[in-house]
Amino acid sequence: MTQTSDHDTVSFGFKDVARTEKQGLVRNVFDRSARKYDLMNDLMSLGVHRVWKDITVTKAGPRPGARLIDVAGGTGDIARAWLDRADALTERRGSNQYAEAVVADINEQMLLAGLKRGDRDRLDWCTANAECLPFESGVADAVTIGFGIRNVTDRIKALKDMRRVLKPGGRFVCLEFSRPTTRPLEKLYDAWSFGAIPQIGEWIAKDRDSYQYLVESIRKFPHQDAFAAELEEAGFERVSVTNLSGGIAAIHMGWKV
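The paragraphs below set out a description of the structure included in this document. What you see is a predicted model; the values in this text were computed from it and never measured. (Residues numbered from 1 in each chain as written. Predicted model: local features only at pLDDT ≥ 70, side-chain atom pairs only at ≥ 80, totals over all residues. Heavy atoms only, no water.)

Let us look at the layout of surface pockets. As a volume, the largest pocket reaches approximately 400 Å³. Along the walls of the largest pocket sit 24 residues, with Met 44, Ser 45, Trp 52, Phe 177 and Tyr 189 positioned nearest its centre. In the lining of the largest pocket, the residues fall into 17 nonpolar, six polar and one charged. (1 Å grid on protein atoms, 1.4 Å probe; cavity = no way out; pocket = protein on both sides within 12 Å on 5 of 7 lines; lining within 4 Å. Points joined across faces, edges and corners; volume = space filled by probe spheres on them. Nonpolar A, V, L, I, M, F, W, Y, C, P; charged D, E, K, R; others polar.)

Rendered as structure tokens:
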């Protein structure tokens, strides 16, 4: 079901909370998990998230002179990879146009964790809410969001604002956990998610509750077709879905025409 601002409550994992409370609750989750975020991503996905993100970067169309806004960009791995790919094309073509990227995230601790990995030229960091991005309209060639849309309070509002900052002809690329396409895989994935991930969070990050929320939030997120319909509701055209690893994750794309 599409979220609207008329609802008094929204989901926070398997719980319903007041709409006004969710943003703070999500911020607390990522404040606690920021320090071990990249390591936990490797453990939770057995390293496969790196392959998924590489495909996401390709679909985001890195090229000389382009500008990316990576929303909920966390520690900046998608933005860095996108810039690396764009710079390689610049050098190969002998161009004097260099791409730019912005990592926008509502959680300052995540941005600080990213900066500790090292800054780089033409990469900016910005504290920003996905529902009201602090950028002018029509400034980005691509907008990406990786594993962040399910944590947004009002998805439609966020999708519309991400579309707003795109240039005409710009692309939106969303990487998110989704629904396995077969029942046996779904059962195996549920066993791993609920049986192993919170326990790994307790052992490695000393924080079981945050990772319990994360797996619950994945289960509450709409299936592929339902989320594709939300992109269309937000105004995107030529919406497409690419399943990854049997639907454990999916890339949703839409265009601002």
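Continuing now.
At a closest axis distance of 7 Å, the pairing of helix α8 (residues 197-205) and helix α9 (residues 208-220) adopts a crossing angle of 150 degrees. Relative to α9, the element α8 lies roughly antiparallel. Our pair here, α8 against α9, has a crossing hand that is right-handed. Contacts between α8 and α9 involve Ile 197, Pro 198, Gln 199, Gly 201, Glu 202 and Ala 205 from the first element and Arg 208, Tyr 211, Gln 212 and Val 215 from the second. In terms of residue class, the contact of α8 with α9 is made up of five nonpolar, three polar and two charged. (Axes fitted to C-alpha atoms, helices over the stretch in contact; angles between N-to-C directions. Helix = DSSP H or I, 4+ residues; strand = E, 2+ residues; numbered from the N terminus. Parallel < 35°, antiparallel > 145°, perpendicular 65-115°, else oblique. Left-handed = near helix turned anticlockwise from the far one by under 90°. Contact = heavy atoms within 4.5 Å.)

The next subject is the side chain of Arg 219. Following the sequence through the fold, Arg 219 ends up in helix α9. Here Arg 219 falls in the buried class, since its relative accessible area comes to 18%. Side-chain polar atoms of Arg 219 contact the side chain of Ser 193, separated by 3.0 Å. (Buried < 20%, exposed > 50% of the residue type's maximum accessible area, 1.4 Å probe, protein only. Polar contact = N/O pair within 3.5 Å; in protein donor to acceptor, adjacent residues only side chain to side chain.)

Of the strand pairs in this sheet, strand β4 (residues 100-105) and strand β5 (residues 123-127) are connected by five bridges, and their pairing is parallel. Note that in β5 the partner of Val 102 across the bridge is Asp 124. Following the backbone out of β4, through helix α5 (residues 108-116) and into the adjacent parallel β5, one traces a crossover that is right-handed. (Pairing = 2+ DSSP bridges. Right-handed = clockwise from strand over helix to strand, strands pointing away.)

Attention now goes to the pattern of salt bridges. In the structure shown here, the tally under the stated rule is 16 salt bridges. Salt-bridge contacts for Arg 122 lead to Asp 87; the nearest nitrogen and oxygen are separated by 3.0 Å. Of this pair, Arg 122 sits in the loop between α5 and β5 while Asp 87 sits in helix α4 (residues 77-93), placing them 35 residues apart in sequence. By relative accessible area, Asp 87 is classed as buried at 13%. Across the salt bridge formed by Glu 230 and Arg 155, the nearest N and O atoms sit 2.8 Å from each other. Here the residue Glu 230 occupies a position in helix α10 (residues 224-233), and Arg 155 occupies one in helix α6 (residues 155-165), the gap between them amounting to 75 residues. The exposure classification of Glu 230 matches that of Arg 155, with both residues buried. Counted as one network, the salt bridges with shared partners bring together Asp 84, Asp 87, Arg 120 and Arg 122. (Salt bridge = Lys/Arg side-chain N within 4 Å of Asp/Glu carboxyl O.)

Moving on, we come to α9. Between its terminal C-alpha atoms α9 stretches 19 Å, which fits the 18 Å expected from 13 residues at 1.5 Å a residue. Listing the buried residues of α9 in full gives Ser 210, Tyr 211, Tyr 213, Leu 214, Val 215, Glu 216, Ser 217, Ile 218 and Arg 219. (Expected span 1.5 Å × (residues − 1).)

All right, on to the side chain of Thr 75 then. Relative to the assigned elements, Thr 75 resides in the loop between β3 (67-71) and α4. Taking relative accessible area as the criterion, Thr 75 reaches 1% and is therefore assigned buried. In this structure the side chain of Thr 75 is engaged in a polar contact, spanning 3.1 Å, whose partner is the side chain of Arg 117.

Take a nonpolar patch on the surface next. Among the surface-exposed residues, Leu 39, Leu 43, Trp 203 and Ile 204 lie close enough to one another that they form a single nonpolar patch of about 370 Å² accessible area. Every element with two or more residues in the nonpolar patch is listed here: α2 (37-45) and α8. Note that Leu 39 resides in helix α2. A residue is classified by how much of its surface remains accessible, and Leu 39, at 39% relative accessible area, is partly exposed. (Patch = residues over 30% accessible without salt bridge, like charges linked within 9 Å, V, L, I, M, F, W, Y side chains within 5 Å. Areas by Shrake-Rupley, 256 points an atom, 1.4 Å probe, with all protein chains shown as cover.)

For the rest of this paragraph, the subject is the nonpolar core. Core analysis: the biggest nonpolar cluster contains 29 residues, and Trp 52, Trp 82, Ala 101, Leu 123, Leu 175 and Phe 177 have the highest contact counts within it. Residue assignment for this core shows that the elements contributing at least two residues are α3 (49-59), α4, β4, β5, β7 (166-177) and β9 (249-255). Among all residues touching Ala 101, those that are not within four sequence positions of it are Leu 68, Ala 79, Trp 82, Leu 83, Arg 122, Leu 123 and Asp 124. The next biggest cluster of nonpolar side chains, apart from the first, holds 28 residues, and it includes Ala 104, Ala 130, Leu 133 and Cys 174. (Core = buried A, V, L, I, M, F, W, Y, C linked by side-chain atoms within 4.5 Å.)

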